[in-house]
Amino acid sequence: AAEAVERFALSVPDDRDTVALASWSVGVHSAQHRRRPEFPMRPILLALACLGLAACQNTTVPSVEVSDAVCRPTPNGRDLTGCYLTLTASTEDRLVAVSTSAATEAQIHAVSTEGGVMAMEEMPDGMPLRANEPDELAPGGDHIMLLGVTTPLKPGDTVDLVLTFERSAPVTVTAPVGTPPLP
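My aim in this report is to walk through the structure given alongside it, one point at a time. As the structure is a computational prediction, the values presented were derived from the model and not from experiment.

## Here we look at the state of the cysteines
Thought 1: Counting across every chain of the model gives one disulfide.
Thought 2: Through a disulfide, Cys71 is tied to Cys83; the S-S separation comes to 2.1 Å. Between Cys71 and Cys83, the disulfide has an S-S torsion of 105° and is therefore right-handed. In this pair, Cys71 sits in strand 1 (residues 64-71) while Cys83 sits in strand 2 (residues 80-89), placing the two residues 12 residues apart along the sequence.
Thought 3: Given the relative accessible area of 0%, Cys83 is considered buried.

## Observations regarding the pairing of strand 7 (residues 134-137)
Thought 1: Of the two faces of strand 7, the one lined by Asp135 and Leu137 is fully buried and the one lined by Pro134 and Glu136 carries no buried residue.
Thought 2: Summarising the sheet, strand 2 and strand 7 pair through four bridges and their orientation is antiparallel. By the bridge assignment for strand 7, Leu85 is matched with Leu137.

## With respect to the side chain of Ser168
Thought 1: Following the sequence through the fold, Ser168 ends up in the loop between strand 9 (158-165) and strand 10 (171-176).
Thought 2: At 3.3 Å, the side chain of Ser168 forms a polar contact with the backbone nitrogen of Ser63.
Thought 3: Each residue touching Ser168, except ones within four places of it in the same chain, is listed here: Pro62, Ser63, Val64 and Asp93.

## A closer look at the sheet that holds strand 3 (residues 93-99)
Thought 1: Spatial strand order, 6-3-9-10: four strands in an open sheet with antiparallel pairing. Single-partner strands in this sheet number two, and they are strand 6 (127-129) and strand 10. Here the strands of the sheet are splayed against their neighbours by 40° on average, with no regard to which way each runs.
Thought 2: As paired elements, strand 9 and strand 10 share six bridges and run antiparallel to each other. Bridging from a neighbouring strand, Asp160 pairs with Thr174 of strand 10.

## A word on the pattern of salt bridges
Thought 1: Taken as a whole and judged by the stated rule, the model has three salt bridges.
Thought 2: The shortest N-O distance in the salt bridge between Asp135 and Arg130 comes to 2.9 Å.
Thought 3: By relative accessible area, Arg130 is classed as partly exposed at 43%.
Thought 4: A salt bridge links Arg167 to Glu166, with the nearest nitrogen and oxygen atoms 3.9 Å apart.
Thought 5: Taking the relative accessible area as the measure of exposure, Glu166 reaches 48% and is therefore partly exposed.

## Observations concerning unusual backbone geometry
Thought 1: With phi around 55°, Asp68 is a residue other than glycine that occupies positive phi space.
Thought 2: Looking at the secondary structure, you find Asp68 in strand 1.
Thought 3: Not every positive phi belongs to a glycine, and Asn132 is a case in point at roughly 55°.
Thought 4: Within the secondary structure, Asn132 sits in the loop between strand 6 and strand 7.
Thought 5: Asn132 sits in the exposed class, given a relative accessible area of 55%.

Reading guide: rules and limits
Residues numbered from 1 in each chain as written. Predicted model: local features only at pLDDT ≥ 70, side-chain atom pairs only at ≥ 80, totals over all residues. Heavy atoms only, no water. Disulfide = S-S within 2.5 Å. Helix = DSSP H or I, 4+ residues; strand = E, 2+ residues; numbered from the N terminus. Buried < 20%, exposed > 50% of the residue type's maximum accessible area, 1.4 Å probe, protein only. Pairing = 2+ DSSP bridges. Polar contact = N/O pair within 3.5 Å; in protein donor to acceptor, adjacent residues only side chain to side chain. Contact = heavy atoms within 4.5 Å. Axes fitted to C-alpha atoms, helices over the stretch in contact; angles between N-to-C directions. Salt bridge = Lys/Arg side-chain N within 4 Å of Asp/Glu carboxyl O.

Right, here's the structure in full:
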């Protein structure tokens, strides 16, 4: 702004106008310095506004912790097996898919008992997970079924399972092949 005033002052032909304009610009500049508080408030107000916005936002990223993963060895001559694990989600979520290179297909199965007969079926919409509560996939209950196992699985082998969730990032877990603990 001072450059603009100087350029304007130089282009005015009458010296009295130049002196008056120069006096006016000095007066405005001095008045601006007098109005400023001694302690700058703008940075403090800006910091308080940022803290207020940060407090209003939910920054929790959904996640799922996986523990106790194990896959059963494949029975002789069979190309299917079950895998078991415990999932603990930080927020309500859903296990929607499982994939692995150890089988042509992996399904999430629900087990139910009706009239003393145990039945198993795929959960096409996946398995709901409760917030901060362990959800078990265990022998005799819900589990992951591997179909079309490409190479027989024996104790000591491992199976990489990629778990896909509705809200949380996918999780890859390496499950040892062995006998799962009974519930």
